[in-house]
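# A look at the structure
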Amino acid sequence: MAECSRAKHGNPGAGVTEQSPTSSPVSGKKRAQQSPAGCRHKYQVSAPGHCFKKVTLTKPTFCHNCSDFIWGLIGFLCEVCNFMCHEKCLKTVRTVCSCMTPTLVRVPVAHCFGPAGKKRWFCGVCRKPTEGNTALRCEVCELHVHTDCAIFSCGDCRNCHVDGTEEDFAQDTTVHHHWREGNIPSTARCEVCRRSCSSSEALAGMRCEWCGITTHAACYVAVPPECSLGRLRGMFLQPACVRLCSRNFSKMHCYRISENCHNDMDNSDEVDMSCPASAKEGQAASTPDSGKQLLKVFDGDDAAKRGQFRLVSIPRITKSEEVVEAALRAFYLPVEAQGLELQECDGQQPLHSEDILNRNGSPDNRGIFKDPEAWILKAKPQDTEVLKIYADWLKVGAAYVSIAISRKTTVESVCNEVRIQLGRQEEDPSNFNLMEVYMGSKQVQRQILMGQELVLEKLEEIRKISLRQMNQTRFYLTENRTLVVQVNLLIGGLPSLLTREEYTQLIHEHLAVKSHLVTITHFYGSQGAIVLQISCFSEAERIYMLAKDTAVGNKPLTSLVIPEIMHNKLPKDVSPLLVFVNPKSGGLKGRELLYSFRKLLNPHQVFDISNGGPLAGFHTFREVHRFRVLVCGGDGTVGWVLGVLEAIRHKLSCPEPPIGIVPLGTGNDLARILRWGPGYSGEDPHHILVSMDEADEVQMDRWTILLDAQDVSEDGKENGFLEPPKVVQMNNYFGLGIDAELSLDFHHAREEDPDKFNSRLHNKGVYLKVGLQKLSHTRNLHKDLKLQVDKQDVELPNIEGLIFLNIPSWGSGADLWGSEGDCRYGKPRIDDGMLEVVGVTGVVHMGQVQSGMRSGIRIAQGNYIRLTVTRPIPVQVDGEPWIQSPGHIIISAAGPKVRMLKKFKHKPKKQSAGVKDACSESPSSSDGGH
């Protein structure tokens, strides 16, 4: 990546020219171990892997260590990872080179790479800016990389759950800081020295992925390793409390991340054939007088077979050792050049040390590199080697034992020697295994080695396949454990309201499950979903993949991997937050919130509601005795969550969790009266979570609407059923007539071209357009309706729309009932068990209400409503419209009230001008007009 990325993203260090070093300011120190460049006559520091050289700066440049501007013309650049720093910072550099990242991994965990968007970040491998659509980001941690840099990152993502083994159940619940470099907020300050530690010009500063504290790269080593989880600890689902048997499933499956926008990541382990040499460099290398030459280099037989190479730019007059060093830099390999050689792809002729490329630049005196200039980087055979063996039970990346191996060393002898060094020689040797772990960025692969297998031959085999793979491979001494395989799959999309026996028959018929391996542990008839507990990894994987390609009754099934929350391990002072996000709401804001909450919290407590609905989250939290819910979406999304909660609350240990809202829809009337604002406007997600923690609990009524469609004559006589009765739940309001007709026209327009409806401004413009088309309507709705409120007949005035209000906000914040006092009616509240009945005379009246000029026509107030409809009429419930057939409509209270979270209203404090900027309140913390 080094040579290719430099060409693609500009000269290293924001514009530098190489300068021959004279004397090293740290010449008295030993050379850093395992530098991939050989680094003869290079500047060295204590941070491993770096290979610094003195360069002349040609444009403004910032230090990656202290983030300050580099004054003058001289800087120090790592030839491997492009780390740039002052001369004075060479002694304090603590950030290891990108080639050494695998050595820092505590527990290998793969990343979930997805598109990063157009925002400017810095690559965690080559340290260059990521711009355009070629960048990737991990959905779980802060790692941002170029597409062609992804394969050089290793599996160092956050470990968010424990596996299903007895050892993991007994492990320490302490959470350690998970440090990630760079891409931190511009206002970040160092936890140690309290100075600014962020930079918008370079990859600088460190951030803990759990608690969010930030430090300088030179300061974070002074922070204690134990993490307190920070301000959000009270709502955090700690990793030690989540159990998931994840073998055979990718991390995207484990975190229920939709694969629709990640399909192009299927080949992310492949190196781009058109490795990014810039046009200028490529042209210069192709001209006879450029003095440069581009070579195609493969890091093993597998890359050569697939045609995956790196372009290495070298001078035409170069010794073979320098070519190998350049190739090592390109592949981020922290090994010595003396142990490697280059071989031709079409033969096995090695490049010897005395060979020189194009000795005098003449075409008649060609060097050993022939067209096509493609070479394989090979490891020379070794008779002895030192191998690091990690102790699995210590769960610490730095805890390893160094073992000298020879041609005759077997896996069994390695295990015995490691046990002796660890003081466990008295234990039964058969209880230990040697495990090979490949820490790939996309998937962590494990393999148990056989006892008589020769270890050195195994290493040579890996290096022959790929030197990069060898750099990301570890060996662990593991104990034999009793593996409790228990994979839980939530299968949705089944017919609703069936019995357990009928669901069992369906999955046997369509999924051909094996009864001795699969058990139905839960079924949710109202949701058409069941939960399967599977005791075999391969059977779980087969069912998971098959269900995604299966349809029952022309309805496709959904399949989700569900974790298990060990509620007994939850601290008593923790009430974890269950987050639902609708990524289709609010344009791209829903997608970004989903990404932000996965980073700020444990991704196992964040659910994409478009992938399986709310049931997956409620089932995961079913045994948690106390939790809160955050819904990110419009009023329709909130109603969806409340509807599912009402249907399954009897199966939850916490049947009435309080619910907060991040408004992403168009109207957001419920969010307005709960002070969450008229709409999400880019508020800091961390501030949202803090507000959730401080919010007050309030009660809210919910209502059941029974729509009994019958052939009703004008005199009220019933002439037979037209369609089966339908029951819906209502939270905000229920409208008939012109209000519902506008919603229905808007709904049809959105279905015809959904891509245009990605902003609240455009949506309101469409509402205005369809409203203008209804100006000529006549006021005759009262002729088609008969109204009873608390069993009393109510005469309707000449109106065109009738609305039943549960909350004092309608039509994107309008006060339809009005604030004037009236001795006939009580003051509306969301928990008074009463509905307000209001009429509107037409589109003009509705516009006047929304502009605050008028209020609606107050008709009645009560807790039991009965309507008789004599002709088909548009109706809408919480913004969801349809045409209702004639018949009876009954509205009554729906069971217990729901608990909602109302944003705490901070009282404004008098403050001096000097501290206003630091303490200013977010715009979204306003009361929303209520």
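Bear in mind that the values here come from a model prediction, so they are computed numbers and not experimental data. (Residues numbered from 1 in each chain as written. Predicted model: local features only at pLDDT ≥ 70, side-chain atom pairs only at ≥ 80, totals over all residues. Heavy atoms only, no water.)

### Structural notes on the nonpolar core
The condition that has to hold: Here, nonpolar core refers to any group of buried Ala, Val, Leu, Ile, Met, Phe, Trp, Tyr and Cys residues whose side-chain atoms link them within 4.5 Å. Only protein chains enter the accessibility calculation, which uses a 1.4 Å probe; a residue whose area is less than 20% of its type maximum is buried, one above 50% is exposed, and one in between is partly exposed. When checking whether two residues touch, look at their non-hydrogen atoms; a contact exists if any pair is within 4.5 Å.
Ranked by size, the top nonpolar core spans 142 residues in total, and within it Leu377, Phe597, Phe618 and Leu630 carry the most contacts. Those residues in contact with phenylalanine 597 that lie beyond four places of it in its chain are Val579, Val581, Val606, Leu630, Cys632, Pro685, Ile688 and Leu689. In this structure, Ile705, Leu781, Ile799 and Ile859 belong to the second largest nonpolar core, which totals 29 residues.

### Considering the confidence of the model for the protein chain
Segments scoring low in pLDDT should not have their predicted coordinates read at a detailed level. Threshold: Predictor confidence is given residue by residue as pLDDT, running from a minimum of 0 to a maximum of 100.
Considering every residue of the protein chain, the mean pLDDT works out to 81; 79% of them sit at 70 or more. Ignoring residues within four places in sequence, the model shows residues 1-14, a span with pLDDT below 50, making 55 contacts including any to other chains. Contacts of residues 911-930 to residues separated by more than four positions or lying in other chains number 21 contacts, the stretch itself having pLDDT below 50.

### Remarks on the sheet that holds strand S42 (residues 835-840)
Quick reminder of the rule: Criterion used throughout: strands pair if DSSP finds at least two bridges between them. Note on conventions: DSSP H or I runs of at least 4 residues are helices, E runs of at least 2 residues are strands, and numbering of each starts at the N terminus. Axis lines are fitted through C-alpha atoms, for helices just across the contact stretch, and the angle between N-to-C directions can take any value from 0 to 180 degrees.
Here we have six strands laid out as an open sheet, ordered S43-S42-S41-S38-S45-S46, and antiparallel in their pairing. Each end of this open sheet is capped by a strand with a single partner; those strands are strand S43 (857-862) and strand S46 (880-884). Across the sheet, the mean angle from the axis of one strand to that of its neighbour is 20°, orientation sign disregarded. As paired elements, strand S38 (residues 733-737) and strand S45 (residues 873-877) share three bridges and run antiparallel to each other. Its bridge partner being in S45, glycine 735 is matched across the sheet by glutamine 876.

### With respect to the packing of aromatic side chains
Condition: Any two rings among Phe, Tyr and Trp, with Trp reduced to its six-membered ring, count as a pair given centres within 6.5 Å; such a pair is stacked if its planes are under 30 degrees apart, edge-to-face if over 60, and tilted if neither. Each ring is checked for a lysine NZ or an arginine CZ that lies within 6 Å of its centre and within 35 degrees of its normal; such an atom marks a charge sitting over the ring.
Evaluation of the coordinates by the stated rule reveals 17 aromatic pairs. With centroids separated by 6.0 Å and ring planes inclined at 80°, the aromatic side chains of phenylalanine 52 and phenylalanine 83 adopt a geometry described as edge-to-face. Here phenylalanine 52, found in strand S2 (residues 52-57), pairs with phenylalanine 83, found in the loop between strand S3 (74-78) and strand S4 (84-85); they are 31 residues apart in sequence, far enough to count as distant. On the accessibility criterion, phenylalanine 52 (0% relative accessible area) is buried. We classify phenylalanine 83 as buried; its relative accessible area is 0%. Aromatic pair tryptophan 817 and tyrosine 825: ring centres 5.3 Å apart, planes at 75°, arrangement edge-to-face. Given a relative accessible area of 18%, tyrosine 825 falls into the buried group. The structure contains a cluster of three or more aromatic residues connected by ring pairs, namely Phe62, Phe69 and Trp71. The ring centre of phenylalanine 309 lies 5.1 Å from the NZ or CZ of lysine 296, which sits over that ring. Looking at lysine 651, its charged tip hangs above the ring of phenylalanine 523, at a distance of 5.1 Å from the centre.

### Brief notes about the sheet that holds strand S5 (residues 113-115)
What the three strands build is an open sheet, ordered S5-S8-S9; its pairing is antiparallel. Each having just a single partner strand, S5 and strand S9 (144-146) make up the two edges of the open sheet. The average undirected angle you get between the axes of adjacent strands in this sheet is 40°. Relative to strand S8 (residues 135-138), S5 is paired through three bridges, and the arrangement is antiparallel. If you follow glycine 114 over to S8, its bridge partner there is arginine 137.

### Examining the environment of glycine 811
Along the chain, the position of glycine 811 falls in the loop between strand S41 (801-805) and S42. For the pair glycine 811 and valine 849, spaced 38 residues apart in sequence, the C-alpha separation works out to 9.1 Å.

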